[in-house]
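# Examining the three-dimensional arrangement
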Amino acid sequence: MASDPINAALPPELYDWKDGLPNLFNYAPRKSHEVRIGNCPLGGDQPLRIQSMTTTPTADAAASAAQCRTIIEAGADYVRLTAQGTREAEALREIKEALRREGISTPLVADIHFNPNVADVAAEIVEKVRINPGNYVDPARKFKHIEYTDEAYAEELRRLEERFVKLLGICRAHGTALRIGVNHGSLSDRIMSRYGDTPEGIVESCMEFLRVCVREDFKDAVVSIKASNTVVMVRSVRLLCKAMADEGMDFPLHLGVTEAGEGEDGRIKSAAGIGALLADGIGDTLRVSLSENPECEIPVAYHLAKYVTQRGGHPFIPGKAAPDFDYLRPSRRPTRAVGNIGGTNAPVVIGAQTRNERAVGHTAPDYIYCGTALPPHEKRVPGAGYIVDAAAWHGEADTYPAYPADLLMLVGACPAAVKFVFLNYLQLNEEVLACLRLHPEMVVIAQSAHANRLGEQRALVHELWREGVANPVVFFEHYALGADDADAFRLQAAADTGALLFDGLCDGLFLFAQTPQGGEPLSEAVADDTAFGILQAVRARTTKTEYISCPGCGRTLYDLQGTLRRVKAATAHLTGLKIAVMGCIVNGPGEMADADYGYVGAARGRISLYRGKECVEMNIPEAEAVDKLLALIENDRKNFE
């Protein structure tokens, strides 16, 4: 498996998945079977496939073909187009023919909601059809609880199977692949009534359709579970992998965080969710859904895929899982609080001050590490604690010593109430464990230079957990990236730390960019904002307004990108709110179910406003809608106060 001579004698199965669960410490791709999708198969031994979706009206065949061309030129393996009606489905034929005349053979995918008859038409034209189990046969979600007897529930499943088998027959006859794409926000009332709004319900919605595929011996199916809430998305996909393995299935997986937003936040949120799954070997194709032009998604997806998969064949990490850790339903590792770190406290952010002047981003870090010397008071960040190497610590207020592992024997002589130790997995011996037990005021700063830093940092925390050592752990992630690599820094840091946060192992983040030789240094503000952005993306700590916005598609009923910019400009001063900006009702109240407010396309040029799941004003002219949204928020804030 690896060219490293140390690993040459190790059997490859040491890295492999077992019983539907990954090896927590050693990267290996989940095994799936190959699915035929035109001339670009997916799964099996194929590379990770990258895709995006058009935003032009599909009925405008010329505009859609042109945008397909742009997306393909950016490097997409597949292009998806919405088909909300028969007219749009028929337009797919014209789009496909236009591309084929130019020698472009990239497979096209039809995206279907609410109308199974449209899926039948599209399956005769394109290489792949996506259906949503939540609205394929079940009626559109009304957020109503329905009491089902077992007999009535079974009858609904029989009706679903009967209709779905017809589509499978059409797909089989035309060599068309299928994506069973579950969206958290569009679970049917039937599933919600039986399972609640739970990852288990999301998985069951998917498994109902997969069981029919298995009974019909239809193998050309791909599966996806998406959510705007990354915690729900990651937990559901993990559960799905286990559920499929338990029933002998190995269908390939499509990954994505839906309604991730745009800009830095959209990239961080996507990388945290998708990256956490890729890092465990999960995923055969992915889409980074950004509220930007679709071709902008492709380089982001490629960078993420390459960064994670290049760790394949890494040196073996002999970690052992803590008995109390549950990969499928993780909870936070129990720790003893040290000051405001660990225990029930939200994860902290540690920044660095390596230059005389220090830039501060949206939120100042909780602590700042400054190495061998404290900066003068006038150069310090107000309110932040300062961490200095132990040899340079002299007891000044709001400063804290940091020790290397080989100097831990000096800790007992230090009177500081909070102390830090830089530690990697290989340094975690009996002497270090004993010292940490004896000094509960120590915070571990976990570092790694391993090719699979996630695996090695997981191994360190699991060893602490196994040994009953309850000191908090902050993860130190360092990168040789400069100012020109800010996007790469955000993507890599989110991918490396996402799984650690979803696993409940993280009490803080310390992100640092080493200046590459001859390059411009990355601003400390970028590192700080990235750390806070990651914590917000995984719902661990909220420090600013969160925007849940779909990427747009041919169903979008207004200028989504321009509207999102106006909404952000008008509400960026607010803290702790979640505001959703959705192109149409398909990505409406369900997908934004945990948002505080929603702005949803209702008809061409018309907007409906939501407070939570409740529509409070319908069919507002687009020109008035942003002002009305702001008035709604301000009025609620006044009433609340």
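The notes below deal with the structure included here. (Residues numbered from 1 in each chain as written. Predicted model: local features only at pLDDT ≥ 70, side-chain atom pairs only at ≥ 80, totals over all residues. Heavy atoms only, no water.)

## Let's talk about the overall build of the chain
In terms of helices and strands, the chain carries 15 helices and 21 strands. In summary, the chain has a C-alpha radius of gyration of 25 Å against a globular reference of 26 Å for 641 residues, a match within 12%. Projected onto its principal axes, the C-alpha coordinates of the chain cover approximately 75 × 65 × 55 Å. Intrachain contacts of the chain at a sequence separation of at least 6 include 68% that bridge at least 24 residues. Counting only carbon and sulfur atoms, one obtains 51% of the accessible surface of the chain, whose full area is about 24,200 Å². Across the chain, the mean location of the 67 positive side-chain charges is 3 Å away from that of the 85 negative side-chain charges. (Helix = DSSP H or I, 4+ residues; strand = E, 2+ residues; numbered from the N terminus. Rg over C-alpha atoms; globule rule 2.2 N^0.38 Å. Contact = heavy atoms within 4.5 Å. Areas by Shrake-Rupley, 256 points an atom, 1.4 Å probe, with all protein chains shown as cover. Lys, Arg positive; Asp, Glu negative; His and termini not counted. Charge placed at Lys NZ, Arg CZ, Asp CG, Glu CD.)

## As for the pairing of strand S18 (residues 578-582)
Judged by how many residues are buried, S18 sits mostly within the fold: five of five residues are covered. Taking every second residue as pointing to the same face, both faces of S18 are buried, with Lys578, Ala580 and Met582 on one and Ile579 and Val581 on the other. Pairing of strand S17 (residues 546-549) with S18, which is carried by four bridges, proceeds in the parallel orientation. What sits directly across from isoleucine 548, in S18, is alanine 580. The pairing of S18 with strand S19 (residues 597-603) spans four bridges and is classified as parallel. If you follow alanine 580 over to S19, its bridge partner there is glycine 598. (Buried < 20%, exposed > 50% of the residue type's maximum accessible area, 1.4 Å probe, protein only. Pairing = 2+ DSSP bridges.)

## Let's talk about the pairing of strand S6 (residues 221-226)
Most of S6 sits inside the fold, with six of its six residues counted as buried. Of the strand pairs in this sheet, strand S5 (residues 177-183) and S6 are connected by six bridges, and their pairing is parallel. In the sheet register, isoleucine 180 faces S6, and the bridge partner there is valine 223. Assessed by its sense of winding, the connection that carries the chain from S6 through helix H7 (residues 230-246) to strand S7 (residues 253-255) is right-handed. (Right-handed = clockwise from strand over helix to strand, strands pointing away.)

## Some thoughts on empty space enclosed by the protein
Taken as a whole, this structure holds six cavities of 30 Å³ or more when the rule is applied. If you add up the space inside the second largest cavity, you get close to 170 Å³. Considering the residues around the second largest cavity, the lining is formed by 16 residues, among which Asp265, Gly266, Lys269, Glu546 and Tyr547 are closest to the centre. Broken down by secondary-structure element, the contributors of at least two residues to the lining of the second largest cavity are helix H8 (263-278), helix H13 (524-537), S17 and helix H14 (560-571). When residues in the lining of the second largest cavity are grouped by element, the largest group, four residues, is from H8. (1 Å grid on protein atoms, 1.4 Å probe; cavity = no way out; pocket = protein on both sides within 12 Å on 5 of 7 lines; lining within 4 Å. Points joined across faces, edges and corners; volume = space filled by probe spheres on them.)

## Quick look at the side chain of aspartate 280
Here aspartate 280 shows up in the loop between H8 and strand S8 (285-286). Looking at aspartate 280, the relative accessible area reads 2%, which means it is buried. Separated by 2.7 Å, the side chains of aspartate 280 and arginine 458 make a polar contact. Not counting chain neighbours up to four residues away, the residues in contact with aspartate 280 comprise Trp17, Pro22, Ala28, Arg238, Tyr327, Leu454 and Arg458. (Polar contact = N/O pair within 3.5 Å; in protein donor to acceptor, adjacent residues only side chain to side chain.)

## Quick notes on the pattern of salt bridges
For the coordinates displayed, the defined rule picks out 47 salt bridges. Arginine 238 is paired through a salt bridge with aspartate 503; the nearest N and O atoms lie 2.8 Å apart. Of this pair, arginine 238 sits in helix H7 while aspartate 503 sits in the loop between helix H12 (486-502) and strand S16 (508-513), and the two are 265 residues apart along the sequence. Residues arginine 238 and aspartate 503 agree in their burial class; the two are buried. (Salt bridge = Lys/Arg side-chain N within 4 Å of Asp/Glu carboxyl O.)

## Thoughts on the sheet that holds S8
Read around the closed barrel, eight strands run S1-S2-S3-S4-S5-S6-S7-S8, paired in parallel fashion. The sheet contact formed by strand S1 (residues 49-53) and strand S2 (residues 78-82) spans three bridges and is parallel. Bridge pairing in S2 places methionine 53 opposite arginine 80. Contacting S2 and strand S3 (108-112), helix H2 (residues 86-101) runs over the sheet at an angle of about 165° to S3. (Axes fitted to C-alpha atoms, helices over the stretch in contact; angles between N-to-C directions.)

## A look at unusual backbone geometry
Of note, arginine 539 is a non-glycine position whose phi angle comes to about 60°, a positive value. One can find arginine 539 in the loop between H13 and S17. For arginine 539, a relative accessible area of 26% puts it in the partly exposed group. Phi at asparagine 619 takes a positive value of approximately 55°, unusual for a residue other than glycine. Relative to the elements of secondary structure, asparagine 619 occurs in strand S21 (residues 614-621).

## Overview of the packing of aromatic side chains
Summed over all chains, the structure comprises 14 aromatic pairs. With 5.7 Å between their ring centres and 90° between their planes, tyrosine 148 and tyrosine 153 make a pair best called edge-to-face. The partly exposed category is assigned to tyrosine 148, whose relative accessible area is 22%. Consider the rings of tyrosine 367 and tyrosine 400, whose centres lie 5.7 Å apart with planes at 70°: the pair is edge-to-face. Linking tyrosine 367 in strand S10 (residues 367-369) with tyrosine 400 in strand S12 (residues 399-404), this pair joins segments that are 33 residues apart in sequence. The same class applies to tyrosine 367 as to tyrosine 400, namely buried. Following the ring pairs from residue to residue traces out a cluster consisting of Tyr369, Phe422, Phe476, Phe510 and Phe512. Its end group placed over the ring of tyrosine 78, lysine 128 keeps NZ or CZ at 5.6 Å from the ring centre. (Phe/Tyr/Trp six-rings, centres within 6.5 Å; stacked < 30°, edge-to-face > 60°. Lys NZ or Arg CZ within 6 Å of the ring centre and 35° of its normal.)

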